[in-house]
Amino acid sequence: MSHLLRSSISRLSVIRTGTESKPGPACYVQFTRRQRSGDSQALQERQRQQMAKGLPRQKPIAGVKQVVVVASGKGGVGKSTTAVNLALGLLANDPLKSVGLLDADVYGPSIPKLMNLKGNPELTDDNLMIPLVNYGVPCMSMGFLVDDGAPIVWRGLMVMSAIERLLRHVDWGSLDYLVVDMPPGTGDVQLSISQNVPVAGAVIVSTPQDIALLDARRGAEMFRKVHVPVLGLVQNMSVFQCPKCDHRTHIFGSDGARRLADTLGVQLLGDVPLHLNIREMSDEGKPVVVSSPDSPEAAAYRKVAAAVVQRLEEVST
């Protein structure tokens, strides 16, 4: 018995003296953590590759160097008017550049009215649609293919097919910029264009009003999720100046889009005022950039266009 006790005590002392620094278990735990971290990273990489396999491959539009989408989280914030004057502003700032305009709002096309264009596009020998041109800008819209006032009651797959035709079955020629007027929201059309076409950048249009800014933020976050650079925000209808007394009134709030741009870490591309001239000229199909080129309103759009070009250069380097 005494012999067994002495043996046990001897073994216990060996265990104690051999485990004072406890290098074995600590090394094992660290090794296990590194192994789990490595396994997690490998799993994430495999998942990313599997998801990439399920996405369509981006294919450039023939003849188009850069695609710029103009979007908004909700309707009624002046997105289409901004898209038209942005395209014309790009051309006004550099007449040597070629600019096209695509109306991707299948359900509510506005480009035919804003650009004062009517008629059906002709076809080339290769069965490609030839864009209608006004003010030096070739345009394509669903509005050219249906009767005025005719509702487009289509399900998602038909809309996607129409978008594909507007993108791929048009003879755009050679364009430096294709400005795409997106439909409001964050739905199928936005995802389809972002995933099928290499988009150089997105311009988000919003009024300073809080309710519009909520949806503008959703739009910006959507483009980030699909890896489209957000070039910045345009604060539309920023201020109203009385034509009689020159008193300035912030009808929709003050600097809301500027604060949102700071929150998102993007640039405020410019402010566009709420002005009667913009509305009247848009309704007549004479955008202010071409009908009133010396006006402050036209200058605001040209400033936005210059900021867009600068941001495109920044994100492409």
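This text follows the structure it describes.
These notes cover the structure that comes with them. Note that the structure is predicted; figures quoted are calculated from it, not measured.

**A word on the pairing of strand β2 (residues 99-103)**
Part 1 of the reasoning: Of all 5 residues making up β2, 5 are buried, and the element is well covered by its neighbours.
Part 2 of the reasoning: Residues Val99, Leu101 and Asp103 point to one face of β2 and Gly100 and Leu102 to the other, with burial holding for every one of them.
Part 3 of the reasoning: Looking at chain direction, β2 and strand β5 (residues 175-181) are connected through 5 bridges and run parallel. Within β5, the position partnered with glycine 100 by the bridge is leucine 178.
Part 4 of the reasoning: In terms of strand pairing, β2 meets strand β4 (residues 137-141) through 3 bridges, oriented parallel. Bridge assignment links leucine 102 to a residue of β4, and that residue is methionine 140.

**Side note on the pattern of salt bridges**
Part 1 of the reasoning: All chains considered together, the criterion is met by 10 salt bridges.
Part 2 of the reasoning: Between arginine 258 and aspartate 271 there is a salt bridge, and its shortest N-O distance comes to 3.2 Å. Here aspartate 271 lies in strand β9 (residues 268-274) and arginine 258 lies in helix α8 (residues 256-264), a separation of 13 residues in the sequence.
Part 3 of the reasoning: Accessibility expressed as a relative area gives 27% for aspartate 271, which makes it partly exposed.
Part 4 of the reasoning: Arginine 279 is paired through a salt bridge with aspartate 283; the nearest N and O atoms lie 3.1 Å apart. Pair noted here: arginine 279 and aspartate 283 are both in helix α9 (residues 276-283), with a separation of 4 residues, about one helical turn.
Part 5 of the reasoning: Judged by its relative accessible area of 46%, arginine 279 is partly exposed.
Part 6 of the reasoning: Note on aspartate 283: relative accessible area 39%, which makes it partly exposed.
Part 7 of the reasoning: Because the salt bridges share partners, they merge into one network encompassing Asp255, Arg258 and Asp271.

**Description of the nonpolar core**
One broad rule of soluble globular proteins: the nonpolar side chains tend to lie buried together.
Part 1 of the reasoning: Counting residues in each nonpolar core, the largest one holds 85 residues, and the members touching the most others are Ile193 and Phe223.
Part 2 of the reasoning: In this view, phenylalanine 223 contacts Val69, Ala71, Met182, Ser194, Ala202, Ile204, Val228 and Val230; residues no more than four positions away in its chain are not counted.

**Concerning the packing of helix α3 (residues 79-93) against helix α11 (residues 296-316)**
Part 1 of the reasoning: At their nearest, the axes of α3 and α11 sit 8 Å apart, and the two run at 75 degrees to each other. Considering the angle they form, α3 stands roughly perpendicular to α11. Across from Thr81, Thr82, Asn85, Leu86, Gly89, Leu90, Ala92 and Asn93 in α3, the residues of α11 making contact are Tyr301, Arg302, Val304, Ala305, Ala306, Val308 and Val309.

**Examining α3**
Part 1 of the reasoning: When the terminal C-alpha atoms of α3 are compared, their 20 Å separation across 15 residues agrees well with the 21 Å that a helix rising 1.5 Å per residue should span.
Part 2 of the reasoning: Here α3 lies mainly inside the structure; 13 of its 15 residues are buried.

**Some details on the packing of helix α7 (residues 210-225) against α8**
For any two helices packed against each other, the geometry comes down to the angle between their axes and how far apart the axes lie.
Part 1 of the reasoning: Where α7 contacts α8, the axes come no closer than 11 Å and their chain directions differ by 30 degrees. Between α7 and α8, the interaxial angle falls into the category roughly parallel. The two elements α7 and α8 meet at a crossing, and its hand is right-handed. Mapping the contact onto sequence places Leu213, Ala216, Arg217, Ala220, Glu221 and Arg224 in α7 and Gly256, Ala257, Leu260, Thr263 and Leu264 in α8.

**Side note on the environment of leucine 86**
Part 1 of the reasoning: By the secondary structure assignment, leucine 86 is in helix α3.
Part 2 of the reasoning: Expressed as a C-alpha distance, the spacing of leucine 86 and lysine 303, which sit 217 residues apart in the sequence, is 9.3 Å.
Part 3 of the reasoning: Not counting chain neighbours up to four residues away, the residues in contact with leucine 86 comprise Val70, Val179, Val304, Ala305 and Val308.

**Regarding the pairing of strand β7 (residues 230-241)**
For a regular strand, side-chain orientation follows a simple rule: the groups alternate between the two sheet faces.
Part 1 of the reasoning: Of all the 12 residues making up β7, 10 are buried; the element is thus mostly covered by neighbouring parts of the structure.
Part 2 of the reasoning: As defined by bridge partners, strand β6 (residues 201-206) adjoins β7 across 5 bridges and the pair is classed as parallel. Along β7, the bridge assignment pairs alanine 202 with valine 230.
Part 3 of the reasoning: Where β7 lies against β9, 5 bridges are found, and the strand directions are parallel. Among the inter-strand pairings, phenylalanine 240 is bridged to a residue of β9, identified as leucine 274.
Part 4 of the reasoning: As judged from the 2 bridges shared by β7 and strand β8 (residues 248-249), these two strands associate in the antiparallel manner. Bridging across to β8, glutamine 241 finds its partner in arginine 248.

What counts as what
Residues numbered from 1 in each chain as written. Predicted model: local features only at pLDDT ≥ 70, side-chain atom pairs only at ≥ 80, totals over all residues. Heavy atoms only, no water. Buried < 20%, exposed > 50% of the residue type's maximum accessible area, 1.4 Å probe, protein only. Helix = DSSP H or I, 4+ residues; strand = E, 2+ residues; numbered from the N terminus. Pairing = 2+ DSSP bridges. Salt bridge = Lys/Arg side-chain N within 4 Å of Asp/Glu carboxyl O. Core = buried A, V, L, I, M, F, W, Y, C linked by side-chain atoms within 4.5 Å. Contact = heavy atoms within 4.5 Å. Axes fitted to C-alpha atoms, helices over the stretch in contact; angles between N-to-C directions. Parallel < 35°, antiparallel > 145°, perpendicular 65-115°, else oblique. Expected span 1.5 Å × (residues − 1). Left-handed = near helix turned anticlockwise from the far one by under 90°.

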